[in-house]
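Here are the chains, one letter per residue:
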Amino acid sequence: MIVRYQPFLWTGSNQPYRILQQSVLNVIFFGETGAGKSSVINLILGSDKAKVADGQVVVTLESTVYPVKLDGKTYNLYDTAGLGEPSGGTVDNATAVGNLYRLVSDLSYSGGVNLLVFVVCCGRVTGAMRKSYGLFYHGFCDSKVPIVIVVTRCEYVEPTMDRWWIDNEVSFTRDGMSFNGHVCVCAWKGRYNEDLVQESEGVVKQLIVQHCMPNGWKKVCHPQSRGLEL
Ligand SMILES: Nc1nc2c(ncn2[C@@H]2O[C@H](COP(=O)(O)OP(=O)(O)OP(=O)(O)O)[C@@H](O)[C@H]2O)c(=O)[nH]1
Ligand SMILES: [Mg+2]
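Nothing here was measured: the structure is a model prediction, and the numbers come from that model.

Quick look at the site of ligand 1
Step number 1: Inspection of the region around ligand 1 gives 20 residues, with Gly36, Ser39, Thr60, Gly82 and Trp188 positioned closest.
Step number 2: Its residues placed into classes, the shell around ligand 1 shows nine nonpolar, eight polar and three charged.

Below is the structure:
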C-alpha cells in the first residue's frame, strides 16, 4: 500500500483531522538528490513501489510514506525530496527543506520520529553532506533521534562493500557527523549483482530494526508555526 503523505489539516481546535496510527515506527530517509533514498526503500519493501530516477532527473518531489512490516512491527518509511538541488530545479532546496521540516512537525502530532536514515553515495565526503546532516539532525530534530547512515553504490568496493566505511568513517567524524549505525550497500538491481542486492536488503532491514527507538521523539511546535515556509 502506498500512502501519499499529506500534512494534517487543522480544525481550528487543538485536534488535527487525521492521526496516523500511534503504534507504528516512523523512519525518515533523507539525503542529497540521487543518493539512492527511493532505491533503498525499495530494497526494504522488496518491490519497486518508490519511483527511482532513470537518468539525471529529480524523482521524489514530496514526502511519501511506505508502510512495511519487519519482525512483526509496522514501520512507516518516509521517502523525501532530495536536498541540495540548486534553486530552479524541479524541487528547489528551500522547498525540500521546508517539506522535511513540515514532516517532522506533523509527525510530532502522532507517533513522533523513531529513526533518521541518512542516505549517501560512496565517493567523496562533501560539505553538502555536512550541511544536510547538520540541518536535519541537529537543526530540525534537536539531536534527539537516532541516526544511521546507508552508503549506496558500493558494488565495486573491494574486497567487501563495508570496506568503504572502514576507509571513510574518519572523514565523517572529522566533519562532526556521527552515526548510531552504518551499512554499505548496492541498491541497484543489475544483471550480475543479485547476491549483493540480497545481502544489502538483509543488512538495511537489520539496521532499521536494531536502531529504531521504541518511543518516537516529538518536536515541540506551535500551531501557528505549522505553515512555516523556510
Ligand atoms: N550503481 C548503483 N546505482 C544506484 C544505487 N542506488 C541507487 N542507484 C541509482 O541512482 C539513481 C538515483 O536513485 P534514486 O533512488 O532515485 O535516488 P533518490 O535519492 O531517491 O533521488 P531523488 O528522489 O531524486 O532525491 C538511480 O538511477 C538508481 O538506480 C546503487 O547502490 N548502485
Ligand atoms: Mg527518490
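Anyway, onward from the coordinates.
Notes on the environment of Asp71
Step number 1: Counting through the fold element by element, Asp71 comes out in the loop between β3 (64-70) and β4 (73-79).
Step number 2: Accessibility expressed as a C-beta count within 10 Å gives 10 for Asp71, which makes it exposed.

Brief notes about the pairing of strand β2 (residues 25-31)
Step number 1: Counted residue by residue, β2 has seven buried out of seven residues, so it is predominantly covered.
Step number 2: Strand direction decides the pairing type here: β2 and β4, joined by four bridges, are parallel. For Ile28, the partnering residue across the bridge sits in β4 and is Tyr78.
Step number 3: In this structure, β2 lies alongside strand β5 (residues 115-121), joined through five bridges in parallel fashion. Each residue of the ladder has a partner; that of Phe29, found in β5, is Val117.

So, unusual backbone geometry
Most of the time, phi is negative for any residue but glycine, and the peptide bond is trans.
Step number 1: The omega angle of the peptide bond from Glu158 to Pro159 is 0°, so this bond is cis rather than trans.
Step number 2: Within the fold, Pro159 resides in the loop between β6 (147-152) and α4 (163-174).
Step number 3: Even without a glycine there, the phi angle at Asp71 is positive, about 50°.

A look at the packing of helix α2 (residues 93-107) against helix α3 (residues 127-140)
Step number 1: Packing of α2 against α3 leaves a shortest axis separation of 11 Å and a crossing angle of 25°. Accordingly, the angle class assigned to the pair α2 and α3 is roughly parallel. Seen from above, α2 lies across α3 with right-handed handedness. For the pair formed by α2 and α3, the contact residues are Val97, Leu100, Tyr101 and Val104 on the first element and Leu135, Phe136 and Phe140 on the second.
Step number 2: Across the contact of α2 with α3, the residue classes break down as seven nonpolar, no polar and no charged.

Examining the environment of Asp54
Step number 1: Note that Asp54 resides in the loop between α1 (37-45) and β3.
Step number 2: Along the backbone, Asp54 and Gly34 are 20 residues apart, and their C-alpha atoms lie at a distance of 9.9 Å.

Structural notes on the nonpolar core
Side chains that are nonpolar tend, in soluble globular proteins, to be buried together.
Step number 1: Ranked by internal contacts, the top residues of the largest apolar core, which has 61 residues, are Val27, Leu77, Leu116, Val117, Val150 and Val185.
Step number 2: The leading source of residues in this core is α2, at seven residues.
Step number 3: If near-sequence neighbours (up to four positions away) are discounted, Leu77 is found in contact with Val27, Phe29, Ile41, Ile44, Val65, Tyr66 and Val68.

Re the packing of α1 against helix α5 (residues 194-211)
Step number 1: α5 packs onto α1 with a crossing angle of 90° between their chain directions and a minimal axis gap of 9 Å. The angle between the axes of α1 and α5 places the two elements in the roughly perpendicular class. Judged by residue contacts, Val40, Leu43 and Ile44 of α1 engage Ser200, Glu201, Val204 and Lys205 from α5.
Step number 2: Residue composition of the contact of α1 with α5, grouped by class: four nonpolar, one polar and two charged.

Cut-offs applied
Residues numbered from 1 in each chain as written. Chains lettered and ligands numbered in written order. Predicted model: local features only at pLDDT ≥ 70, side-chain atom pairs only at ≥ 80, totals over all residues. Near = placed C-beta within 6 Å. Nonpolar A, V, L, I, M, F, W, Y, C, P; charged D, E, K, R; others polar. Helix = DSSP H or I, 4+ residues; strand = E, 2+ residues; numbered from the N terminus. Buried ≥ 20, exposed ≤ 12 C-beta atoms within 10 Å, placed from the backbone. Pairing = 2+ DSSP bridges. Axes fitted to C-alpha atoms, helices over the stretch in contact; angles between N-to-C directions. Parallel < 35°, antiparallel > 145°, perpendicular 65-115°, else oblique. Left-handed = near helix turned anticlockwise from the far one by under 90°. Contact = placed C-beta atoms within 7 Å. Core = buried A, V, L, I, M, F, W, Y, C linked by C-beta atoms within 7 Å.

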